[in-house]
Amino acid sequence: MKMHYYLKEWRLDTSKHHMFVLKTIRRTIHFAYTSACNKATHKLARAHRARVELQERQVTWLGLHAFHSVLSRKPQAYTRLLKVLSFQLALPRYRHLRKRFRGVVAEGLSTVTLLCF
């Protein structure tokens, strides 16, 4: 949702610059993944035997799905971007993740329905 407000504030034409927005989304997801992995290797995390068993592909799919879900609330503003996100989510490398994370996605979507922006 923050991204929606940033784009609105910048008055960025998302239909023309959808690839820029997609790269920003991908970088955001990658940052979240590397940040989680780095925090898991921190001294305090090691002392408490914390483990993070994340695969980058899983985090990427969950992130793409989350952005798609939120941006789908304004389909007229993000038509081209939503098409690209839908295509990427449908790629064969992510097919098994859709089934695996069905419950997590359903739980997350229940909170998105409460949001208005």
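Note that the structure is predicted; figures quoted are calculated from it, not measured.

A word on helix H5 (residues 79-89)
Phase 1 of the analysis: For H5, the complete set of buried residues consists of Leu-81, Leu-82, Leu-85, Gln-88 and Leu-89. One face of H5 carries all of its buried residues, which in axial projection span an arc of 125°. Looking at H5, the residues exposed on the side facing more than 90 degrees away from the buried face are Lys-83 and Phe-87.
Phase 2 of the analysis: On its buried face, H5 is in contact with helix H2 (18-40) and helix H4 (56-71).

Looking at the environment of Leu-85
Phase 1 of the analysis: On the secondary structure map, Leu-85 appears in helix H5.
Phase 2 of the analysis: Leu-85 sits 62 residues away from Lys-23 along the chain, and the two C-alpha atoms are 11 Å apart.
Phase 3 of the analysis: When neighbours within four sequence positions are excluded, Leu-85 is seen to be in contact with Leu-22, Leu-64, Phe-67, His-68 and Leu-71.

Thoughts on the pattern of salt bridges
Pairing between side chains of opposite charge can happen when their charged atoms approach one another.
Phase 1 of the analysis: This structure, assessed with the given rule, holds one salt bridge.
Phase 2 of the analysis: Across the pair Arg-51 and Glu-53 runs a salt bridge, and its minimum N-O distance is 3.2 Å.

A short note on unusual backbone geometry
Phase 1 of the analysis: You will see that Arg-11, though not glycine, has its phi angle at about 55°, which is positive.
Phase 2 of the analysis: Topologically, Arg-11 is positioned in the loop between helix H1 (2-10) and H2.
Phase 3 of the analysis: The phi dihedral of Arg-49 is positive, around 55°, even though this residue is not glycine.
Phase 4 of the analysis: With respect to the helices, strands and loops of the structure, Arg-49 is situated in the loop between helix H3 (43-47) and H4.

A word on the nonpolar core
Phase 1 of the analysis: Judged by nonpolar contacts, the single largest core of 22 residues is most densely connected at Ile-25, Trp-61, Leu-64, Leu-71 and Leu-81.
Phase 2 of the analysis: Broken down by secondary-structure element, the contributors of at least two residues to this core are H1, H2, H4 and H5.
Phase 3 of the analysis: Sequence-distant contacts of Trp-61, that is, excluding residues within four places in its chain, are made with Leu-89, Tyr-94, Leu-97, Arg-98, Phe-101 and Val-105.

Basis of the calculations
- Residues numbered from 1 in each chain as written.
- Predicted model: local features only at pLDDT ≥ 70, side-chain atom pairs only at ≥ 80, totals over all residues.
- Heavy atoms only, no water.
- Buried < 20%, exposed > 50% of the residue type's maximum accessible area, 1.4 Å probe, protein only.
- Helix = DSSP H or I, 4+ residues; strand = E, 2+ residues; numbered from the N terminus.
- Arc of directions from axis to C-beta.
- Contact = heavy atoms within 4.5 Å.
- Salt bridge = Lys/Arg side-chain N within 4 Å of Asp/Glu carboxyl O.
- Core = buried A, V, L, I, M, F, W, Y, C linked by side-chain atoms within 4.5 Å.

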